[in-house]
Each structure stands twice: as structure tokens, then as C-alpha cells.
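What follows is the residue order along each chain.
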Amino acid sequence: MTINKQLQSLKDRLANEIVEPAWGWGFRVAISVIVPVIASIVSANPNYFWMVIAAETVSIVELKGSAGFRSRLLVAAIIFSVLFTFIGSIAAANIWLAVLLMFPIALGCGLMKNLGDWGLGLAINIYLFYLIASAHEVPFPVVKERMYFVALGGLWAMCIGVFSFSFLPQGKPYRRTIGNIWKAVENLMLLVANDWDPNSKKSSIRALYLKEKEIRTAIDASLALYGQLYDEKRQQPDQEKKLSYARRCASMASLQIISIANNAVLLFKKPLSEAFILQMHTILKVVEQVSNRMAFYFYTRKEEELLLIQSRLERLSKFREHLYTFEESQLPECERIVRHINRFTNLVELSIKTVSTEKEKLMFSQYSLMQTLNILHPKHLQNNIRQFLNFDNLTLRYALRMAITATLGLGIAQIWFPHHGYWLPLTVIIVSQPFFGATLKKGIERSIGTIAGVILGSLIMLLPYAHITRHFMVLFGATLMIYNLRKNYSWAAFFITIFLIGLLSAENQVSTNILLERVIVTALGAVMAVISGFLLFPSWDKKLLPNYLGKAVIANYKYYQFLMGVREAEQQQKPWVIYKIAAESSNSNAFDSLNRYLTEPKYRANKNIGAAYFTAITYNIRITRELNAYVDEKEAGEASPTINLPADKLIRQIDDLFQKTITLLKGMPDITIDETGIYPEMSYAAIMVSAQQKINLERLHIELSALYSSLIH
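Residues numbered from 1 in each chain as written. Predicted model: local features only at pLDDT ≥ 70, side-chain atom pairs only at ≥ 80, totals over all residues. Heavy atoms only, no water.

1. Topic: the overall build of the chain
Inference 1: For the chain, the count of helices and strands is 27 helices and two strands.
Inference 2: For the chain, the proportion of its 713 residues judged to be buried stands at 52%.
Inference 3: Accessible surface for the chain amounts to roughly 32,800 Å². Of this, 62% is attributable to carbon and sulfur atoms. (Helix = DSSP H or I, 4+ residues; strand = E, 2+ residues; numbered from the N terminus. Buried < 20%, exposed > 50% of the residue type's maximum accessible area, 1.4 Å probe, protein only. Areas by Shrake-Rupley, 256 points an atom, 1.4 Å probe, with all protein chains shown as cover.)

Below is the structure:
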């Protein structure tokens, strides 16, 4: 690798850290762990082992969202740690009681997937403390000591966690989620711009959609933490209202980029001069750079970032003016690209005005005494219980499969690996995923990472001054484990093994036999998880994919009905963006299901089905894009009215075609169509649309006709 490429790689890593600071999270875990480790060395008290484990598991919970939400996560992690240390210690008196209790505990941990990433983080506290505490029977006074040190470790980790976010500006967590949206916009624009570079390989339809899907994922992640959509009429705190408007601008900017991408593909097929191609490539690269700096600006709010954005907007304006000197600028596709770039520029300027007007206070000054007490209000618990008890069919099947396999794994461990066999059910729980392909992938990655970690960790412990190096193993193992957790699971498993070897050696518990036993039970747990994914309540996308496609078509139809004014009563209560989110999320679910289906063993029997579904999903995605483009024109038209044209006949034709498509889907095997919320008999009012909106409707009709034809064949 050349020096320039290495520098670019380093620059990209630093850019990612600004948007998503995994290093900061890793250091928080490391600091939380290293202090109890040092305390155990100084005091020579083996109970500090429990403090170390508590500090690690509480700090491993990722802190996102508001200060109140983060505080509730930390409190919940401590409560679960202490509670299941007690339950596990009591159950240790009877190994078969411990095995039986594993079932409801693992079932509950599986259902916590309904709560999102933070629910999985809390689940780690539950099953880890239960498994370790139930491994060995101890007298009740020792149980109380365990609970004391677990609580102490949890409180220490909580102090580190609260300190880590108390001095953040109040709006920074929210702004980071908006920065992630801009980063995803930049990634899509990078592909679009590179397609105009004569020296670059052209991007596939799939590659472009994956980048488009990243934008949807970033928006969903922001909504999961800050669910209030922007509504001019709703009463909201001033800062929250401004940030929700800034997020709306970022979302609308992503629509402009998607429209630019679609028109750029069409324009590139026309006969173009080399000079025009070079000019267009330059313009698209500047749009990409603006998106990049917007991501940085939303995170830092630094003046230098603002100056960079303004300078690039000025360059963009000059390049656009120069574009008009080319004959190709008169092409309809080029005109549409320029129009969407102008809207993109306006949205960037609106976003900047929204977040640059005043200085933010620090988080610790955000809460009065009563607001601090309100953090633990029972209403928050009620909402979480409601989410937890959402017995979705897929989640329940996953939870049952994991519970049965983990219980069986603990039973095997109690018989053949009585001392450290808890690694077996622990591996089963971690490796098990809702779908077979993901379980197989994670099982392989965990096995490879664990074996490599055991080999290297064992070699390090044979070196001189092992009593010093083991502390570095704990520190760097904890940090790098977190850093790689979302990036590469093999590396995460590798570093968690290094961490555990350093931790166990600090307590004089490490030996060659223990390390070998860890390798065996980890491999066995991974195999059990993979086999159970195949045999126990399997979720095969061969059966799920047709329903996902049906839901995606229904979501588009509801979106269409809303935009065409059929849902007039709802238009007064709900923003159109709710239907946009539903349609895009349904497309995303169908696309993910297709990708999983292509990895299933049963797919090899008939590969033509995969291609047919890909075609149908692609048409449905294009329908959503045209609906988004239609509403984007409507939003822009409110600011700058254009000539309106009648479209009643076309709108009714599209409605009839939607109805025919849904009827066709209902007649297919393995598809269940839920028509709740659809108006079966439409009475469209006379609708006047702009010239561009009529083009969008005509394209929608073409894509819907193509979808209908693909389903027939």
C-alpha cells in the first residue's frame, strides 16, 4: 500500500470516529475495568473479580440518546447485574435447577431483541452474571459479598458513564444522529460521482440501492432515539424543535441526492462530450464534499467547518453557471439534476441556520432536581415493557430456539465441563441469530476469533514479566473489543479472548487446560447454535420473502392513497413522512429477506426465483422513489408555484393497477396480504399537479405496470 493510500485510510478512520466514536466507548470500558483490576492486585481479594466483570458488562452497554435515556440504561444494567448474580448464586445449590432456570432467562434475553441494540446490551448483563454465578455453589455470606462487589463495580462504571456524557453539549447526541444521515448521503454521492469518472468502474443497481438503504438506516436510528417528527404546530422545546427540523432537512436532502442519482444514470446514457462529462463529475464531487463537511459540522459546529461548507457552496454555484455553456445542459435529465442540486443547496443553508444560532449548554446543566428524579418515572418502564412483550412471530421463534439450545448447552456443560462450562451456553446465546445465514456466519467468526485469541494470549503469558503484560491485555483487549464489535466480529471475539485471559490470569485462574477447554466449548456452542438454527423453529426466507414483498406493495399503495388526498382526515393528523418511512422500511425488509434467501441451502434448487424476486423488489423500490419525487415536487411547489395540469385519469389508472397487483398477490401461494387501512373504494377529488409531478406519476405507472407483468410471469 502506498503512503498516500495509507494516509487516506487513516483519514477515513478519523472521519468515522468523529461521526461514531467507538474509541471513546472502548476507552470508557477500559477505564471502568482497569481500576477494579488494580484494586484486586493491591488488596489480593478474589472478590474483586466480580467488580471487574460488573464494571465491564455495565460499561459495555452503548450509551446513545438523551442524558435521561443513558442514565436509565446504566441504572437498569446495575439492577440486572445484582439481581441475576443473586438468582444464579442461589440456583448453584442444585445444578438441575440452574439448568431449568436457564430456559426462562434465555427466553427473556431473546425477547429483549425487541428493545433494540440497548436491549441486547442489557441482556448481556443478565445471562453473563447468571451463568458465572450459577457455576459454583457458595455459602450465603459469600453470595452477599458477591452482590456487594457487583454493585460496587456497576456503580463505578455508572460514574464513568455519567461523567463521559455530562460535559457534552446538550444537542450533541441528537446532532450526531443527523451527522450520520449526512455521512450516508455522502456515501451515496461518492458512488454517483465516481460513475462519471472515466477511470472508475461503474456502480451496479444493487450497490447504489445499498447506499440508499444506508440513508434509511441512519434516519431510522435517529428516530429510534429521538422519535418526535418535526411539526410546526406541535409544542416542543425550542432546541428539540430546531434539531427535528434539521433532521427533516437532512432527510429531504437525501431525496435530492437519490433523484440526482437516478437522473445521472439516465443522462450518462446520452451522447455527451468529454468536457461535459468532466464538468458534471466535478459538480457531483463538490456535492459529495458538501455532504461530507455537513456531517462534520453537525458533530462539531466548528466555524472552520462552516467556512469550508460555504466555500464549497460558492464553488458549486460557479460550476453550475459554467454548466450552462454546454449544449447538453438543455437535456431534460440535466435540467432535473440542476434543479435537485439547487434544492439540495437550499436545504444545506436551512440546516446551517437551524443549528448555528446559539450556544448549547452542557448536559449536566440540562436537568433540575425534579427533572433528574423524573428520569426514573414509571412511564418509561411501562413503554419498555410494552416493547418487550411484543411477541412478533420471528422474535418469539428466535427466543424459543435460543432458550432451548442454551438450556441444553448448560446441561451438557454441567456434566462434561463443570468448572468453566458456562462458556458453552454463553456462546450459544451470542452466536444465535434470528436467521440461519447470520447464525452460521457469526458462529464461524466467533470460533476463528476465539481460537486465534487463545493461541496469542497463551504465548503472551509465556513471555517474561507476564504479571505486567496481563494488565495491558485487559486494557487493550477491552478497548479493541468494543472498537471491533460492529466492524468485524472475528476481531471482537479475538480481543475479548485476550481480555479474558488477562483477567483470569490476574486472578491466578489461567492454565493450559482452561484455555483448551474454552476453545472446545466455544466451538461446540457455535456448532449447537448453527444446528439449532437449522432444526428448531427455523425462519426460512423462502417462506418469508413473498410476504415481505406483499407488505412492500401494500405500503406503497397506502403512501399513494395518502398523497392523492384519499386520506384527507389523516392528512390533518399525520405527516406524509410517516408513509414514506413505512414504504422505505418495507422495501428494506424485502431486500434484506432476499439477500438472506440467496444464502439459504434451499435456494440452490431454483435460482430463477431469486432473480424474479430481485426484479419485483427493484420495481417496487422505484415506485417508492417516484412517490418521494412527487411529494418533493409538492413541497418545492408550495414555495415556488408552477403551472398545474389535470391528472385525474392517470391517478385512477394507477389506483386500478395497484388493486390488480394486490389481487394478483393474494392469489399466490405463501402470501398473506393485510389490507387493513386500505380504502377499497376510491373517490379521488379533482387533482391538479405540476408538469414534473405528472412525469413522476407517468413513471410510477410504468414501474407499477412492470411490477404487475413480472408477477404474472
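2. Focus: the nonpolar core
Inference 1: Counting 110 residues, the largest nonpolar core has Trp 182, Tyr 560 and Leu 697 as the members making the most contacts within it.
Inference 2: With 13 residues, helix H10 (residues 238-268) is the largest single contributor of residues to this core.
Inference 3: Membership of the second largest hydrophobic core comes to 83 residues, among which are Phe 149, Phe 495, Val 521 and Met 528. (Core = buried A, V, L, I, M, F, W, Y, C linked by side-chain atoms within 4.5 Å.)

3. Considerations on empty space enclosed by the protein
Inference 1: Per the counting criterion, the structure on display carries four cavities of 30 Å³ or more.
Inference 2: Estimates place the volume of the largest cavity at around 140 Å³.
Inference 3: Along the walls of the largest cavity sit 16 residues, with Tyr 209, Glu 212, Arg 216, Ile 258 and Glu 584 positioned nearest its centre.
Inference 4: Counting residues per element, the ones that place at least two in the lining of the largest cavity are helix H9 (205-225), H10, helix H24 (577-599) and helix H25 (607-639).
Inference 5: With six residues, the single largest contributor to the lining of the largest cavity is H9.
Inference 6: Residue classes in the lining of the largest cavity are distributed as six nonpolar, four polar and six charged. (1 Å grid on protein atoms, 1.4 Å probe; cavity = no way out; pocket = protein on both sides within 12 Å on 5 of 7 lines; lining within 4 Å. Points joined across faces, edges and corners; volume = space filled by probe spheres on them. Nonpolar A, V, L, I, M, F, W, Y, C, P; charged D, E, K, R; others polar.)

4. As for the pattern of salt bridges
Inference 1: This model, assessed by the stated rule, comprises 15 salt bridges.
Inference 2: Where Glu 584 meets Arg 216, a salt bridge forms, and the shortest distance between an N and an O atom there is 2.4 Å. Here the residue Glu 584 occupies a position in helix H24, and Arg 216 occupies one in helix H9, the gap between them amounting to 368 residues.
Inference 3: Taking the shortest distance from any N to any O, the salt bridge between Arg 596 and Asp 541 comes out at 2.9 Å. Remark: Asp 541 occurs in helix H22 (residues 541-563) and Arg 596 occurs in helix H24; sequence separation between them is 55 residues.
Inference 4: Of the residues examined, Arg 596 reaches a relative accessible area of 22% and is grouped as partly exposed.
Inference 5: A relative accessible area of 0% places Asp 541 in the buried class. (Salt bridge = Lys/Arg side-chain N within 4 Å of Asp/Glu carboxyl O.)

5. A closer look at the confidence of the model for the chain
Inference 1: This prediction gives the chain a mean pLDDT of 80; 84% of its residues lie at or above 70.
Inference 2: Across the chain, the element-wise mean pLDDT spans from 46 in helix H14 (residues 369-374) up to 91 in helix H11 (residues 274-300).
Inference 3: Per-residue pLDDT stays below 50 along residues 13-20; that stretch engages in 20 contacts with residues further than four places along the chain or on separate chains.
Inference 4: Low confidence marks residues 368-373, where pLDDT is under 50. Its contacts with residues over four positions away, or in another chain, come to two contacts. (pLDDT = per-residue confidence, 0-100. Contact = heavy atoms within 4.5 Å.)

6. Concerning the side chain of Gln 414
Inference 1: Inspection of the secondary structure assignment puts Gln 414 in helix H16 (residues 393-416).
Inference 2: Gln 414 sits in the buried class, given a relative accessible area of 13%.
Inference 3: When residues no more than four places from it in sequence are discounted, the contact partners of Gln 414 are Ile 95, Ala 98, Val 99 and Ser 134.

7. A word on the packing of H11 against helix H13 (residues 332-355)
Inference 1: At a minimum axis separation of 12 Å, H11 and H13 run at an interaxial angle of 20°. The orientation of H11 relative to H13 falls into the category roughly parallel. Along this stretch, H11 crosses H13, giving a crossing that reads as left-handed. Contacts from Phe 276, Met 280, Ile 283, Val 287, Val 290, Ser 291, Met 294, Tyr 297 and Phe 298 of H11 reach H13 at Cys 334, Ile 337, Ile 341, Phe 344, Val 348, Ser 351, Ile 352 and Val 355.
Inference 2: Considering only residue class, the contact of H11 with H13 consists of 15 nonpolar, two polar and no charged. (Axes fitted to C-alpha atoms, helices over the stretch in contact; angles between N-to-C directions. Parallel < 35°, antiparallel > 145°, perpendicular 65-115°, else oblique. Left-handed = near helix turned anticlockwise from the far one by under 90°.)

8. Examining the side chain of Arg 70
Inference 1: Looking at the secondary structure, you find Arg 70 in helix H4 (residues 67-91).
Inference 2: Look at Arg 70 and you get buried, because its relative accessible area is 5%.
Inference 3: Once residues lying within four places of it in the same chain are set aside, the contact partners of Arg 70 are Leu 63, Lys 64, Gly 65, Phe 165, Leu 168 and Pro 173.

9. Concerning H11
Inference 1: The first and last C-alpha atoms of H11 sit 39 Å apart over 27 residues, in line with the 39 Å expected at 1.5 Å per residue.
Inference 2: The buried count for H11 comes to 20 of 27 residues, which makes it a mostly enclosed element.
Inference 3: Positive backbone phi, at 55°, marks Arg 301, one or two positions downstream of H11. (Expected span 1.5 Å × (residues − 1).)

10. Thoughts on the packing of aromatic side chains
Inference 1: Within the structure shown, the criterion is met by 17 aromatic pairs.
Inference 2: Ring centres of Phe 534 and Trp 540 lie 5.4 Å apart, and the angle between their planes is 85°; on these two criteria the pair is classed as edge-to-face.
Inference 3: In this structure an aromatic cluster arises from ring pairing among Tyr 48, Tyr 148 and Phe 149.
Inference 4: Cation over ring: Arg 293 sits above Phe 296, and NZ or CZ is 4.4 Å from the ring centre. (Phe/Tyr/Trp six-rings, centres within 6.5 Å; stacked < 30°, edge-to-face > 60°. Lys NZ or Arg CZ within 6 Å of the ring centre and 35° of its normal.)

11. Observations regarding the environment of Tyr 559
Inference 1: The residue Tyr 559 is located in helix H22 in this model.
Inference 2: For Tyr 559, a relative accessible area of 0% puts it in the buried group.
Inference 3: Separated by 20 residues in the primary sequence, Tyr 559 and Tyr 579 place their C-alpha atoms 5.1 Å from one another.
Inference 4: Not counting residues up to four positions away in its chain, the partners in contact with Tyr 559 are Trp 576, Tyr 579, Lys 580, Ala 583, Thr 624, Leu 627, Asn 628 and Val 631.

12. Digging into unusual backbone geometry
Inference 1: Positive phi is not limited to glycine here, since Arg 301 has a value of about 55°.
Inference 2: Looking at the element boundaries, Arg 301 is found in the loop between H11 and helix H12 (303-323).
Inference 3: Owing to a relative accessible area of 21%, Arg 301 belongs among the partly exposed residues under this scheme.
Inference 4: The backbone of Phe 537 shows a phi angle near 45°, a positive value even though the residue is not glycine.
Inference 5: With respect to the helices and strands, the residue Phe 537 is situated in the loop between helix H21 (512-535) and H22.

13. Section: helix H6 (residues 117-133)
Inference 1: With 17 residues, H6 extends 25 Å from end C-alpha to end C-alpha; this agrees with the ideal 24 Å at 1.5 Å per step.
Inference 2: Within H6, 14 of the 17 residues are buried, leaving the element largely enclosed by the surrounding structure.

14. Re the packing of H4 against H6
Inference 1: Look at H4 against H6: their axes get within 7 Å of each other, and the N-to-C directions meet at 20°. Judged by the angle between their axes, H4 and H6 are roughly parallel. Here H4 runs over H6; the crossing is right-handed. Contact residues: Phe 69, Leu 73, Ala 76, Ala 77, Phe 80, Ser 81, Phe 84, Thr 85, Ile 87, Gly 88, Ser 89 and Ala 91 in H4; Trp 118, Leu 122, Asn 125, Ile 126, Phe 129, Tyr 130 and Ala 133 in H6.
Inference 2: Residues of the contact of H4 with H6, tallied by class, amount to 14 nonpolar, five polar and no charged.

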